[in-house]
Amino acid sequence: MDQIKEIFVRKDLCMGCHSCELACAVAHSASKNIYEAMGEHPMPKSRVYVETVSASVPVPILCRHCEDAPCMHACIAGAIHRTADQAVVTDADKCIGCWTCVMVCPYGVIGRHLEARKAYRCDRCQDRDQPACVSACPTKALVYQTVTDFSKDLRRKAAEELSRGEGR
Amino acid sequence: MAANQTYVIIGASAAGLSAACAIVKTEPEAKVTVLSEETDSPYFRPMIPFIISGEKSPADVAMTGQGPYQAKGIDLRLNTRVVSLDTHSNQVKTKSGDTVLFDRLLIASGSSPYIPRDIEGTGIKGVYALRTLAQARDAAQRSSSARHAILLGGGLLNLKAAFALLEKKVAVTLVVYSPEILSQLMEPDDAVMIRQALEHAGLKIMTGRSAKTIVQGPNGVKAVILDNGVDIPCDMVFIGKGVRPCVDFLKSSDMEIDQGVVVDPYTRTSRENIFAAGDVAVTFDPVTGNRVVTGLWTNAAEMGLCAGKNMAGDPTAYAGTFGVMNATQVAGLPFVSMGQVHPGSGDYEVHRNVSGNAYRKLVFSKEGKHLVGLVMVGDITHAGLYRYIMREQRDIRRVKEKIIGQTLTSAHLMYG
Amino acid sequence: MADARVPRKKSLDPAVNQMLAKAKKENIQTIWDRYETMLPQCGFGDTGLCCRHCLQGPCRIDPFGEGPREGICGASADVMVARGLDRAIAAGTAAHSGHAKHLAHTLLKMATGKTKDYRIKDEAKLKSVSTRMGIPVDGRSIADIAKDLAMAALADFHEKETPVMWAATVVPQKRVDVLLKHGLVPKGIDHEISEIMHRTLYGVDADAVNLLLAGLRCGVADLAGCYMGTDLADILFGTPTPVKSEANLGTLKKDWVNIALHGHNPVLSDILVSVAAQKQDMAKAKGAAGFNLVGICCTGNEIMMRHGIPSCTHSVSQETAILTGAVDLMVVDYQCIMPSVATVAQCMGTQVLTTMDLCKITGTDHMEFSEEEAGKKAEEILAMAALNYAKRKGKPVEIPDVKTPVVAGFSVEAIVAALSKLNAVDPLKPLVDNLKAGNIRGVCLYAGCNNVKVPQDENFVIMAKKMLKENVLILATGCGAGALMRHGLMDPANVDALCGDGIKAVLTAIGEANGLGGPLPPVLHMGSCVDNSRAVALAVAVANYLGVDTDALPVVASAAEAVSEKAVSIGTYAVAAGLPTHVGVMLPVMGSPLVVEVLTKTVRDVTGGYFIVDLDPESAADKLLAAIDERRKGLGL
Ligand SMILES: Cc1cc2nc3c(=O)[nH]c(=O)nc-3n(C[C@H](O)[C@H](O)[C@H](O)COP(=O)(O)OP(=O)(O)OC[C@H]3O[C@@H](n4cnc5c(N)ncnc54)[C@H](O)[C@@H]3O)c2cc1C
Ligand code: SF4
Ligand code: SF4
């Protein structure tokens, strides 16, 4: 089976511009267009959150699509399931807005749409080739790769740094 | 481990089905039999208030094929009540007299409502201790022509039932013996906002009162007489006074029972091949280490998952659960309550914060190093993070200000 | 899922597409590649919800209500958007009036004998403009009048006793009254620009409507800058009259010394054109057939209008001129010169020469131009180009075989002169009569740039074609004119195919009366972007003739593919003049419902004009037609 692609965060590259958040909200709007999305009801919401470690260190946080996802097991309505490509997704039609998932997600990445009374979170953009946040990130702090490719890239980068250090 | 073990599970709900799915996932060839005394196919029990209100149909709340309950090939036997367990011959006997042999057994029989003996007339038609889909269907029908319901007990279950009834235009009076509603989940001061919201939504709440007698009329219940002698007409009564583990059928076995079935951190009972999970099991509080029996879907599903893995030979320790761990939204107010929520005047460091439409109470250990309990009303942002740091018993001194101010994010925990 | 903003095609122009194929083959990046790399663009900037006006910033407001709802200073989305828009208007105004100021200085230097290379080409216009400015002309020397006019022009930049004269004297009295009533008469052009900078500073104006009113006033100052630019350029270089020329990359010639003149101001380009005409030998000495000057952007419009110099390309496709490999020297002054020309030129071995201190580009050569030594500098530039040709000679070039005939040069004076052939006593009468009779349903001005977000020329061409069929008289300036000329809309031969019967009859009658043996072109080229003033002048003339204000006229404007902040300021003065004004790309204002409401609706109560933002050319044209009809109805037509 092909390895599944995931969204990885390269924290050091995040500039804190929040572009991913906007792109995410637009990707989850009815119109898929920022100008119209702003006026939609229910208001489209971002599922990625640019949080800060400290004032100068931003970091995007989003659903990990955990193995044995606590949210999925906790949901009292059966509204959360895992798709064939391993994304853990919330079915808004089934969600009753009891927020049990919010209470158990250890990453705090499930949003509560108060107007619609629905929980929402990253679905890795099921209808796109590449998640909108990844496309939107101007510095490529978010990447969409398989675990293997991502760790390969990390190793390559480490090796480059090492050899640069030795050359000095 | 020998392949093709025979697994038998008593109870087809959160714990039982989670375990069954975990077993099938770990050992696809396994033979899994699930015995349920109910005649309905498994359903999401916490959803039954929506059956009363009519917002959902029984098909909407079915478990099979929904959420994590996707496993195929499970032998589910409905209308099959287990009456006894023989741990020596590894078999259970059903009400119809059949015996079912097992290599490994999971007891996931859940719990059933506690009915106080000092109330007279609890057996009258129209009196409910809501637990099953069958009862909910019946209550749905009765509520269509009912005008007034009296709900005994101020817990979450009754609040959910109350809103279902309001939805059906049935007036509701909550009779609560404690000084305040939700006394299991919070202290009276914590409940102020919720109480206001409930009353605003049209609930009538009487605290410090209890029912003495339920009075029968030609069409079942017709009134409730309170401890002060007041007689209130009504056509439905709901008893929400907590639950007790379903262990009666184990009486004749040698299982260790302490309220519920006692298990070790690997969900195993005193018998090597017998496990228990969910409402029926006695588990432990990760902070205090004390034994607890819970009535929580979240706990049942998670513990069942663990049990399934352990049974299928993938040793998985259960992290334990707080006796209190609830999230919900009533009358437009979301709230979360978990862990040590009744610090009283005990040895704890407690922070309370009221602002606008939000209230929170954070309970830290005496030395201020661990978060041990919280109540959040109105704004439950990042509640899961708090559960995580409580359960893992993280030393939180570095991020304490953020915890108190509710500005903590997982960024602080992961990278801080 | 495809991103909605990646255009389906890059350009409607086959010449441009041919060059883009070449760029792709040779791995040279163009604006379209850079645009794709930029996608998706930042939504905060896109909606105007990003502010860097103070050092506590940057701030951004979350349009989805989850994040910040106001800036660190407390600025609301409305304030943030209005401030940003104001600064764009101020920047556009600074550019147009900077161009005009440069001409005023040139005129002054000429009048005081500091330069011998310029002279007054249109004395009549010098006198008429001076008279309008209250400068006595009778019995005075040309130099004296010119000096006074130059001083009057420079005086219009700062705050003084009188309002900005190039605004107050160029619109009907009724319009002056409207502007006065709402405090929209500028006190000085530079004053308005700097006041915008002041009020949009940290902690000053925080009332979106007040900010927008100041933006409108600055827009009126922009009209003054443009109008002054046109007046002074006409005086110094001649008022355009109809002239035949050609457009597109096919106007480059392999065996000639090709010099592309790019930018805006005729101060340099006009001199180069006349010196080149005299110095063809310099080119021939290097084995070339001669100098072939071509224009890009508004420089191209200026020298096409006055000298019939062909236009090579415009705006978004400026890099493609260099991609031919046939340009020996690109000479630029300022505005709309993409810094990327330096890189593309390096790839193609082309030399780019900057000439103005305020516009240097790393990776290009610079030769500071001065009016005092204009002729000499022009000769040096020609020599440089000839030398480059000698090096290029024999090397392969790829010049798309694409060019279109153009008839340009329609200044207001030229239009009136042409009309006077129909009615010498009352030249505007035939125009107004046709308007009344419905042969001319209305007038639409196409202005502005080509924006990479739109397939090049698509909005202009679709809209203009649709409106011509509906008998709208079409005027064009700037790169909008460039777009329409490339697609044959300024070729009289296409009148039959393109125009509705009414407008066809009008264009034919005027053409025949002027001995052209055929109609005027379908679209009348009025000049560069400062020359939007000519369109205003024409509208004012018609309004005065009818005795109405400009906001009563069935006249509309469209910047269908706008890019520059200059387009924003032009749009603003079009609205200030009372015109329904279409913009075919998103302005960064969507983050404020209030600002959108004011720009598209409420402002109508103030000036009679309003913005129409519509990205779809078909429906935009429909809206403009509806606006025209509404105004016809208002006039009882
Ligand atoms: C109305 C309502 C709302 C609730 N809301 C929430 C909520 O919001 N959040 C939350 O965490 N929890 C909630 N709960 C509690 C939650 O439903 C239970 O904690 C959960 O169902 C426990 O799951 P379980 O698998 O352990 O047992 P159960 O769901 O009790 O299932 C046990 C099953 O075993 C069967 N059984 C018992 N004995 C035998 C036997 N001898 N032979 C065969 N079958 C047997 C029973 O009939 C039952 O079907 C709610 C409960 C109710 C009734
Ligand atoms: S929402 Fe939270 S718990 Fe659920 S899969 Fe995502 S990260 Fe895990
Ligand atoms: S909020 Fe929705 S998705 Fe989350 S647990 Fe409740 S029903 Fe399930």
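For the structure given in this document, a descriptive report is provided here. Fair warning: this is a prediction, and the values are worked out from it, not measured in the lab.

1. Describing the packing of aromatic side chains
Phase 1 of the analysis: Applying the stated criterion across every chain, the model contains six aromatic pairs over all chains.
Phase 2 of the analysis: Three or more aromatic residues joined by ring pairs make a cluster, and in this case those are Phe 44, Tyr 69 and Trp 297 of chain B.
Phase 3 of the analysis: Lying over the aromatic face of Phe 364 of chain B, Lys 400 of chain B brings its terminal NZ or CZ to 4.9 Å of the ring centre.
Phase 4 of the analysis: Between Lys 253 of chain C and the ring centre of Trp 256 of chain C, over which it is positioned, the NZ or CZ distance is 4.1 Å.

2. Side note on the arrangement of the chains
Phase 1 of the analysis: Most contacts, compared over the two pairs of chains touching, are made between chains A and B.
Phase 2 of the analysis: Nothing in chain B touches chain C; the tightest C-alpha to C-alpha distance between them is still 12 Å.

3. A look at the site of ligand 1
Phase 1 of the analysis: Around ligand 1 sit 33 residues, and of these Ser 13, Glu 38, Arg 45, Arg 131 and Lys 160 of chain B come closest.
Phase 2 of the analysis: This site is not confined to one chain, since residues near ligand 1 come from chains A and B.
Phase 3 of the analysis: Contacts to ligand 1 include Ala 15 of chain B, whose backbone N or O atom sits 2.9 Å from an oxygen atom.
Phase 4 of the analysis: Arg 131 of chain B is positioned such that a nitrogen or oxygen atom in its side chain is 2.6 Å from an oxygen atom of ligand 1.

4. Some points on the site of ligand 2
Phase 1 of the analysis: For ligand 2, the set of nearby residues contains 13 residues, the closest of which are Cys 63, Cys 66, Cys 71, Cys 105 and Arg 121 of chain A.
Phase 2 of the analysis: Residues belonging to the shell around ligand 2 are distributed by class as follows: ten nonpolar, one polar and two charged.

5. A word on the interface of chain A and chain C
Phase 1 of the analysis: Across the contact, 21 residues belong to chain A and 17 residues belong to chain C.
Phase 2 of the analysis: In total, chain A and chain C occlude about 1,700 Å² of area from one another, counting both sides; carbon and sulfur atoms represent 67% of this.
Phase 3 of the analysis: Considering only the side of chain A, the residues that lose the most area to chain C are Leu 22, Tyr 35 and Met 38 of chain A, jointly responsible for 40% of the buried surface there.
Phase 4 of the analysis: Where chain A touches chain C, the interface holds one salt bridge.
Phase 5 of the analysis: A salt bridge links Glu 66 of chain C to Lys 45 of chain A, with the shortest nitrogen-to-oxygen separation between them at 2.9 Å.
Phase 6 of the analysis: The interface formed by chain A and chain C includes four residue pairs in polar contact (both at pLDDT 80 or more).
Phase 7 of the analysis: Broken down by secondary-structure element, the contributors of at least two residues to the side of chain A that touches chain C are helix H1 (19-27), helix H2 (34-37) and helix H5 (132-136) of chain A.
Phase 8 of the analysis: In terms of residue count, H1 of chain A provides more of the side of chain A that touches chain C than any other element does, four residues in total.
Phase 9 of the analysis: Per-class residue counts for the side of chain A that touches chain C are twelve nonpolar, four polar and five charged.

6. Thoughts on the sheet that holds strand S21 (residues 281-284) of chain B
Residues and elements named next belong to chain B.
Phase 1 of the analysis: Here four strands make up an open sheet; going across it, the order is S18-S19-S21-S22 and the pairing mixed. Two strands in the sheet have a free side with no partner beyond their single neighbour: strand S18 (257-258) and strand S22 (291-292).
Phase 2 of the analysis: Relative to S21, strand S19 (residues 260-262) runs parallel, the two being bridged by two bridges. Of the residues in S21, the one forming a bridge with Val 262 is Val 282.

7. Some thoughts on the interface of chain B and chain A
Phase 1 of the analysis: Between chain B and chain A, the contact holds 41 residues from the first and 33 residues from the second.
Phase 2 of the analysis: Summing both partners gives a buried area of about 3,100 Å² for chain B against chain A, and 61% of it is carried by carbon and sulfur.
Phase 3 of the analysis: Contact with chain A buries area across many residues of chain B, yet Pro 68, Gln 329 and Tyr 415 of chain B alone supply 17% of it, more than any other trio.
Phase 4 of the analysis: Put simply, chain B and chain A have two salt bridges between them.
Phase 5 of the analysis: One salt bridge connects Lys 309 of chain B with Asp 68 of chain A, and the closest N-O pair in it is separated by 2.4 Å.
Phase 6 of the analysis: Taken together, chain B and chain A are joined by 14 residue pairs in polar contact (both at pLDDT 80 or more).
Phase 7 of the analysis: Counting only elements with at least two residues in the side of chain B that touches chain A, the list comes to helix H6 (297-311), strand S23 (325-330), strand S24 (333-339), helix H7 (383-391) and helix H9 (410-415) of chain B.
Phase 8 of the analysis: Considered class by class, the residues forming the side of chain B that touches chain A number 21 nonpolar, 14 polar and six charged.

8. Here's the deal with the sheet that holds strand S2 (residues 31-35) of chain B
Residues and elements named next belong to chain B.
Phase 1 of the analysis: Spatial strand order, S3-S2-S1-S7-S20: five strands in an open sheet with parallel pairing. In this open sheet, the two edge strands, each paired with only one partner strand, are strand S3 (75-77) and strand S20 (274-276). Taking the axes of each pair of neighbouring strands and ignoring which way they run, one obtains an average angle of 15° across the sheet.
Phase 2 of the analysis: Note that S2 and S3 share three bridges and pair parallel. Each residue of the ladder has a partner; that of Thr 33, found in S3, is Asp 75.
Phase 3 of the analysis: Helix H1 (residues 14-26) contacts strand S1 (6-10), S2 and strand S7 (104-107) of the sheet and is inclined by roughly 165° relative to S1.

9. Considerations on the pattern of salt bridges
Residues and elements named next belong to chain A.
Phase 1 of the analysis: Scanning the entire structure with this criterion turns up 67 salt bridges over all chains.
Phase 2 of the analysis: With its nearest N and O atoms 3.7 Å apart, the salt bridge here joins Lys 152 to Asp 149. With Lys 152 and Asp 149 both in helix H6 (residues 147-167) and three residues apart, this pair spans about one turn of that helix.
Phase 3 of the analysis: Assessed through its relative accessible area of 33%, Asp 149 is described here as partly exposed.

10. Considerations on a nonpolar patch on the surface
Phase 1 of the analysis: On the surface, Leu 201, Tyr 202 and Val 204 of chain C cluster together into a nonpolar patch covering about 260 Å² of accessible area.
Phase 2 of the analysis: Residue Leu 201 of chain C is classed as partly exposed on the basis of its relative accessible area, which comes to 43%.

11. Overview of the pairing of strand S14 (residues 220-226) of chain B
All names here are of chain B.
Phase 1 of the analysis: Most of S14 sits inside the fold, with five of its seven residues counted as buried.
Phase 2 of the analysis: Note that strand S13 (residues 211-217) and S14 share six bridges and pair antiparallel. When the bridges of S14 are listed, Ile 214 appears paired with Val 224.
Phase 3 of the analysis: If you look at the hairpin formed by S13 and S14, you'll find two residues sitting between the two strands.
Phase 4 of the analysis: Note that S14 and strand S15 (residues 231-233) share three bridges and pair antiparallel. Opposite Val 224, over in S15, you have Ile 232 as the bridge partner.
Phase 5 of the analysis: Between S14 and S15, which follow one another and run antiparallel, lie four residues, and Gly 229 among them has a positive phi close to 90°.

Calculation rules
- Along every chain, residues carry numbers that run from 1 in the direction the sequence is written.
- The lettering of chains begins at A and the numbering of ligands begins at 1, in the order of writing.
- Residues qualify for local features only when their pLDDT is at least 70, as the model is predicted, and side-chain atom pairs are given and counted only at 80 or more; totals for whole chains, interfaces and linings, by contrast, use all residues.
- With hydrogens and water stripped out, all remaining heavy atoms of the structure feed into the side-chain values.
- Pairs were defined over the aromatic rings of Phe, Tyr and Trp, the Trp ring being its six-membered one, requiring ring centres within 6.5 Å. Orientation was assigned from the angle between planes: stacked under 30 degrees, edge-to-face over 60, tilted for the rest.
- Whether a charge lies above a ring is judged from NZ of Lys or CZ of Arg, which has to be within 6 Å of the ring centre and within 35 degrees of the ring normal.
- Any two residues having at least one pair of non-hydrogen atoms within 4.5 Å are treated as being in contact.
- A single heavy atom is enough: if one lies within 4 Å of a molecule or strand, its residue is considered near that molecule or strand.
- We call two N or O atoms a polar contact when they sit within 3.5 Å, provided that within protein one can donate a hydrogen and the other can accept it, with sequence-adjacent residues counted only if both atoms are side-chain atoms.
- Throughout this entry, Asp, Glu, Lys and Arg are counted as charged residues, while Ala, Val, Leu, Ile, Met, Phe, Trp, Tyr, Cys and Pro are counted as nonpolar. The remaining residues, Gly among them, count as polar.
- Values labelled buried area give the accessible surface lost by two parts on being combined, using a 1.4 Å probe and summing over both.
- The working definition used for a salt bridge is a side-chain nitrogen of Lys or Arg within 4 Å of a carboxyl oxygen of Asp or Glu.
- A run of H or I in DSSP becomes a helix once it reaches four residues, and a run of E becomes a strand once it reaches two; helices and strands are each numbered from the N terminus.
- When DSSP locates at least two bridges between a pair of strands, those strands are taken to pair.
- The axes are straight lines fitted to the C-alpha atoms, using for helices just the contacting stretch, and the angles between their N-to-C directions are given from 0 to 180°.
- With a 1.4 Å probe rolled over the protein chains alone, any residue whose accessible area is under 20% of its type maximum counts as buried; one over 50% counts as exposed, and the rest are partly exposed.
- Grouping into patches uses exposed residues only, defined as over 30% relative accessible area, and leaves out salt-bridged ones; the cut-off is 9 Å for like charges and 5 Å for nonpolar side chains (Val, Leu, Ile, Met, Phe, Trp, Tyr).
- Shrake-Rupley sampling with a 1.4 Å probe provides the accessible areas, and residues are treated as covered by the protein chains on show and by no other component.

Just geometry here; none of it tells us what the structure is for.
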